[in-house]
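# Chains, contacts and geometry: an overview
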Amino acid sequence: MSMRRPWWGAAAAALAVLAIAGTVGAQAAPDETPYFMLGDPMPSNPAAVPWRVMVLTGGPVAAEISSNKWSVGDVAAFVSNLAAGRDAWGGLALAPGETEELGWVAGGRAQANIVAFQLSYGLVTTGSGSLTEGFVRLMREASAGKIEGGEYPLEGTNLRGQAWQDLALRANAPVPIIPRFFGLRKLSVGVGVHFLSGVHYFDIGASGTVNDPDAKPQITFLQASQAQGRAFDVGVAASLSRRLSVEAAYVGAGALNWTGVKTATITEGNIGSLDSPPWEEAPPFTYDLPAVALVGVHLRPLPVGLLQLSGYYAIVGVNRPEPAFTRLQGEASVSALGLVRASLGAAKDSNEQQARVYGSMGVGLGAIGLTVRATNLQEIAKGTHARSLGLAVMGSLGF
C-alpha cells in the first residue's frame, strides 16, 4: 500500500469586536490549510506585501504539526514515510498504539519581490484526521505479516493528506483620490493567483470491528497521482492615521482537480490483503481548498513607531457550509533601529482548547535579513516530544 503523498479608543473598540467575534465561531472537523499558518511569516494579505526595488527570498521553510497523543517526532516519522512514498505502516510501526488525532501543514518556497509584484514557487503538504488504536494495531501486525487475532475496533478512523506545487503571482497598488473622500491617509488593494499542480492525494477510512460478527469491518483507501488547479487571493489595507491601520483579505480560495484515481476496499473476507489492496480505477474528483477570510487592526502607540500591536480575526474554511475553525490572534512586535526585529503573540483556534503562544526573531538591515519563527512556545522545550509545534525560517537578500 504505497502512499506518496491580522486613536486608542478606536483601536480598543476594534479589538473588542474581534474578541467577541472569536467566541462565536463554528466548530467542525479539522481541515488543515497552508494559507494561514502561524509559522509562516509571509503576509497572507496581498495588499500588505511591502514594495521593494528587488528582493530574493528563500523560504519560509515552515511546518506545523499538532497531535493529541503522539509526539511531534512520531507524527513527523509517519508523515515523512508518506511523503517518501513508502508504506503507510512504515510510520505506524514506530508510533504509540493509541487513538490519535493529528494534523500537519508543511511547505517551502522561493520568491522574488520586484516593486509591486511578488512571484513565488513552493511545495506544500497538508493533512489531518484520526487513527484509532485498533486500526494502528491492525496495520502494525499486517506489516509484520501476522495478524494475531482478537477484536480491532476501527470506527472513527479517517485520514486525508495531499501535496501540491504552488506557483503564485501577487501584486498590489495604492488607490488614488478615493481615500480622501473617506478621510483615509492611504488605501491599497492587492490580488494574487496560484497555479497549482498536485503531486499526491490519499484518503483512508474505516468502520466496524475486525473479528466482531455484529460489526462488519470495512477499510477504504483512495489515492490520486496528479492534479491541476487554481486559487486566488484578494485584499485591502487602509491607513486611518499615522498610528492606526486596518486590513481585510480573502485568500486561498480554489480547487484541485485530481486524476489518476484508484480505490480499494478491504472487508473481513480479504483482511489479509492489507499489504496489497485490490486497487481499481476510479473517476476524477475535485477537492475544494479551505479559503481564509481575515480582518486585522494594527496600532503603533509610540511616536517613533518602534512598537506595533496587532489583532486578527480569521475564519478558515469560509467557503464551506461549516467553516473548519475560527482564529483570534493578538501580537506585539518591536524593531530596534531596523537591525533587530522581534514579535510575540498568541492565537486561539475555536477547535483547540488552549491558545498557542508564538514568537519570532529576525536580524538584518532593510530587505536583507534572516527570520526564525516558532509556534507553541509552551511546547518547544520538549523538542520532538512536544505534541504541537511549528517552526519557520526565512532569509532575504535585496534592496
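The numbering scheme is per chain: residues are counted from 1 as the chain's sequence reads. Residues qualify for local features only when their pLDDT is at least 70, as the model is predicted, and side-chain atom pairs are given and counted only at 80 or more; totals for whole chains, interfaces and linings, by contrast, use all residues. Calculation of side-chain values draws on the structure's entire complement of heavy atoms; hydrogens and water are dropped beforehand.

### Looking at the overall build of the protein chain
- Strands here are runs of E lasting at least two residues and helices are runs of H or I lasting at least four, both read from the DSSP assignment and numbered beginning at the N terminus. Secondary structure summary: the protein chain contains six helices and 18 strands in total.
- The 399 residues of the protein chain split such that 48% are buried.
- Values of accessible area rely on a 1.4 Å probe in the Shrake-Rupley scheme; residue burial ignores everything except the protein chains shown. Working note: accessible area of the protein chain is about 18300 Å², and carbon and sulfur atoms make up 63% of it. Type-normalised accessible area, obtained with a 1.4 Å probe on protein chains alone, sets the label of each residue: buried when under 20%, exposed when over 50%, and partly exposed for intermediate values.

### Concerning unusual backbone geometry
- For the peptide bond that leads from Gly59 to Pro60, omega is 10°, which places it in the cis range.
- At Ile177, a residue that is not glycine, the phi angle is positive and equals roughly 65°.
- Note on Ile177: relative accessible area 58%, which makes it exposed.
- A positive phi angle, near 65°, is found at Asn376, a position not held by glycine.
- Mapped onto the fold, Asn376 is located in the loop between β17 (368–375) and α6 (377–380).

### Quick notes on the pattern of salt bridges
- For this document, the term salt bridge refers to a Lys or Arg side-chain nitrogen within 4 Å of an Asp or Glu carboxyl oxygen. Under the definition given, this model contains eight salt bridges.
- With its nearest N and O atoms 2.8 Å apart, the salt bridge here joins Asp349 to Arg327. One end of the pair, Asp349, is in strand β15 (residues 340–349); the other, Arg327, is in strand β14 (residues 325–336), with 22 residues separating them in the sequence. Arg327 carries the same exposure label as Asp349, and that label is buried.
- Between Glu379 and Lys382 there is a salt bridge, with its nearest N and O atoms 3.0 Å apart.
- Residue classification places Glu379 among the buried residues on the basis of a relative accessible area of 15%.
- When its relative accessible area of 44% is taken as the criterion, Lys382 is described as partly exposed.
- In this structure, a network of salt bridges that share partners links the residues Glu64, Arg327, Asp349, Glu352 and Arg356.

### What about the confidence of the model for the protein chain?
- Chain-level pLDDT for the protein chain is 83 on average; 87% of the residues reach the 70-or-more range.
- Across the chain, each position has a pLDDT score giving the predictor's confidence in that residue, from 0 to 100. In what follows, a contact means two residues having at least one pair of non-hydrogen atoms within 4.5 Å. Note on residues 1–30: pLDDT is under 50 here. Beyond four places in sequence and across chains, it has 84 contacts.

### Quick look at the packing of aromatic side chains
- Here a Phe, Tyr or Trp ring, Trp counted by its six-membered ring, pairs with any other such ring whose centre lies within 6.5 Å, and the pair is stacked when the planes are under 30 degrees apart, edge-to-face when over 60, and tilted otherwise. Summed over all chains, the structure comprises five aromatic pairs.
- An angle of 55° between the planes, with centres 5.6 Å apart, marks the rings of Tyr201 and Trp258 as tilted. Of this pair, Tyr201 sits in strand β6 (residues 186–207) while Trp258 sits in strand β9 (residues 244–267), placing them 57 residues apart in sequence. For the residue pair Tyr201 and Trp258, the accessibility class agrees, reading buried in each case.
- Taken together, the aromatic side chains of Tyr201, Trp258, Phe285 and Tyr287 make up a single cluster linked through ring pairs.
- Placement of a positive charge over a ring is assigned whenever Lys NZ or Arg CZ falls within 6 Å of the ring centre and within 35 degrees of the normal to the ring plane. Residue placement shows Lys262 over the ring face of Trp279; its charged tip is 5.2 Å from the ring centre.

### Side note on a nonpolar patch on the surface
- Residues Leu337, Leu339, Val340, Met361, Val363, Leu365, Leu370, Val372 and Val393 make up a contiguous nonpolar surface patch of about 830 Å² in total accessible area.
- Residue assignment for the nonpolar patch shows that the elements contributing at least two residues are β16 (356–365) and β17.
- Per-element accounting of the nonpolar patch gives the leading share, three residues, to β16.
- Inspection of the secondary structure assignment puts Leu365 in strand β16. The residues that make up patches have over 30% relative accessible area and no salt bridge, and they are joined within 9 Å when like-charged or within 5 Å when they are Val, Leu, Ile, Met, Phe, Trp or Tyr.

### A look at the pairing of strand β1 (residues 52–67)
- Two strands pair when backbone bridges link them, and β1 and strand β2 (residues 100–115) are joined in this way by 11 bridges, in the antiparallel orientation. From the neighbouring strand, Leu56 faces β2, where its bridge partner is Ala112.
- Only strands joined by at least two bridges in the DSSP assignment are considered to pair. Relative to strand β18 (residues 388–398), β1 runs antiparallel, the two being bridged by 10 bridges. For Val61, the partnering residue across the bridge sits in β18 and is Val393.

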